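Coordinate analysis (summary)
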Amino acid sequence: MSPEKRVPLDRRRVAGTALRLLNEVGLDGLTLRAIAKELDVKAPALYWHFKDKQALLDEMATEMYRRMVADAALDPADTWQERLLKTNRGLRAALLGYRDGAKVYSGSHFTGTDHARRLEANLRLLTQAGLTLAQAVHAGRTTNAYTLGFVTEEQGVLPLPGERREGYDIGERARRLAEYPLAAEAGQLLFDGYDAQFEEGLALLIAGIGARYGLG
């Protein structure tokens, strides 16, 4: 037995193993049995730490968040626009590091309070810029939901960088939609160039937030 497998089992170790396995098998193939096999333990041992798969997904999302913010210090000189840009760019980059990363992260409940310090700092910056707390929450939630939805769609086409899902050949799509030239041309915009797509959508949202709430 390797030294790694003799390390005591805890929630964080299980979540880390699950995230590593996620890139190999995807969310559908990620079972407690498969994780237990990877850890060289019996599946019931995991139930001491997680009552069900959703509880494990919650811990995985929390671990993803910890890794995402570990080396990403907040800049107190950020404008509200810069903070929203940085936060959502960082989230997208983190999610793209895992197969089905957005699906794991979406709807999960953070364990502990690791996220509270950064949330507090972001809300403080937004309210100091002139937003009410409710408006700051709306701004943060809307941009967060945009990023999660965008990456979910992106990973439906590109599960991992350099890996394109079958059925998303842009040239073939254009040939099938030849009678509909605008729809055919839109394929290049819809299913490729995701970095530019993401930035444009995020810019639209931030401009809309500023216009809606009268911010400069």
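Residues numbered from 1 in each chain as written. Predicted model: local features only at pLDDT ≥ 70, side-chain atom pairs only at ≥ 80, totals over all residues. Heavy atoms only, no water.

1. A closer look at the nonpolar core
Selection criterion: In this text, buried Ala, Val, Leu, Ile, Met, Phe, Trp, Tyr and Cys residues form a nonpolar core when linked through side-chain atoms within 4.5 Å. When a residue's accessible area, from a 1.4 Å probe over protein chains only, is under 20% of the maximum for its type it is buried; when over 50% it is exposed; and in between it is partly exposed. Helix and strand labels come from DSSP, where a helix needs a run of H or I of at least four residues and a strand needs a run of E of at least two; each type is numbered from the N terminus. By the convention used here, residues are in contact when the closest approach between their heavy atoms is within 4.5 Å.
Core analysis: the largest hydrophobic core is formed by 31 residues, its most contacted members being Leu22, Ile35, Leu56, Met60, Leu95 and Tyr105. For this core, the secondary structure elements donating two or more residues are α1 (11-29), α2 (32-39), α3 (53-70), α4 (80-95), α5 (101-105) and α7 (133-157). Among all residues touching Leu95, those that are not within four sequence positions of it are Met64, Gly101, Ala102, Tyr105, Leu148, Val151 and Gln155. Listed in part, the 17 residues of the second largest apolar core include Leu123, Leu131, Leu202 and Ile206.

2. A closer look at the pattern of salt bridges
Our working rule: By salt bridge we mean one thing: a side-chain nitrogen of Lys or Arg within 4 Å of a carboxyl oxygen of Asp or Glu.
Applying the stated criterion across every chain, the model contains 16 salt bridges. Measuring nitrogen to oxygen at the nearest pair gives 2.9 Å for the salt bridge that ties Glu59 to Arg11. Highlighted residues: Glu59 in helix α3 and Arg11 in helix α1, separated in sequence by 48 residues. By relative accessible area, which is 29% here, Arg11 ends up partly exposed. Residue Arg92 pairs with Asp195 through a salt bridge whose shortest N-O separation is 2.8 Å. One end of the pair, Arg92, is in helix α4; the other, Asp195, is in helix α10 (residues 194-213), with 103 residues separating them in the sequence.

3. A short note on the confidence of the model for the protein
Short version of the rule: Per-residue confidence from the predictor is reported as pLDDT, which spans 0 to 100.
A residue-level look at the protein finds 96% of positions with pLDDT of 70 or above and a mean pLDDT of 92. Confidence drops under a pLDDT of 50 for residues 1-5, and excluding neighbours within four residues, the segment shows eight contacts in the predicted structure.

4. Examining the packing of helix α6 (residues 116-128) against α7
Put simply, the rule reads: Each axis is a line fitted through C-alpha atoms, and for a helix only the stretch in contact is used; angles between axes span 0 to 180 degrees, taken between their N-to-C directions. Here roughly perpendicular refers to angles of 65 to 115 degrees, roughly parallel to angles under 35, roughly antiparallel to angles over 145, and oblique to all remaining angles. A crossing counts as left-handed when the near helix is turned anticlockwise from the far one by less than a right angle, and as right-handed when that turn is clockwise. Residue classes follow a fixed rule: Ala, Val, Leu, Ile, Met, Phe, Trp, Tyr, Cys and Pro count as nonpolar, while Asp, Glu, Lys and Arg count as charged, and any other residue, Gly among them, counts as polar.
Between α6 and α7, the shortest axis-to-axis distance is 9 Å and the interhelical angle comes to 120 degrees. In terms of orientation, α6 and α7 fall into the oblique class. Between α6 and α7 the crossing geometry is right-handed. On the side of α6, the interface is formed by Leu123, Leu126 and Thr127, while α7 contributes Leu133, Ala136 and Val137. Among the residues making up the contact of α6 with α7, the classes are represented as five nonpolar, one polar and no charged.

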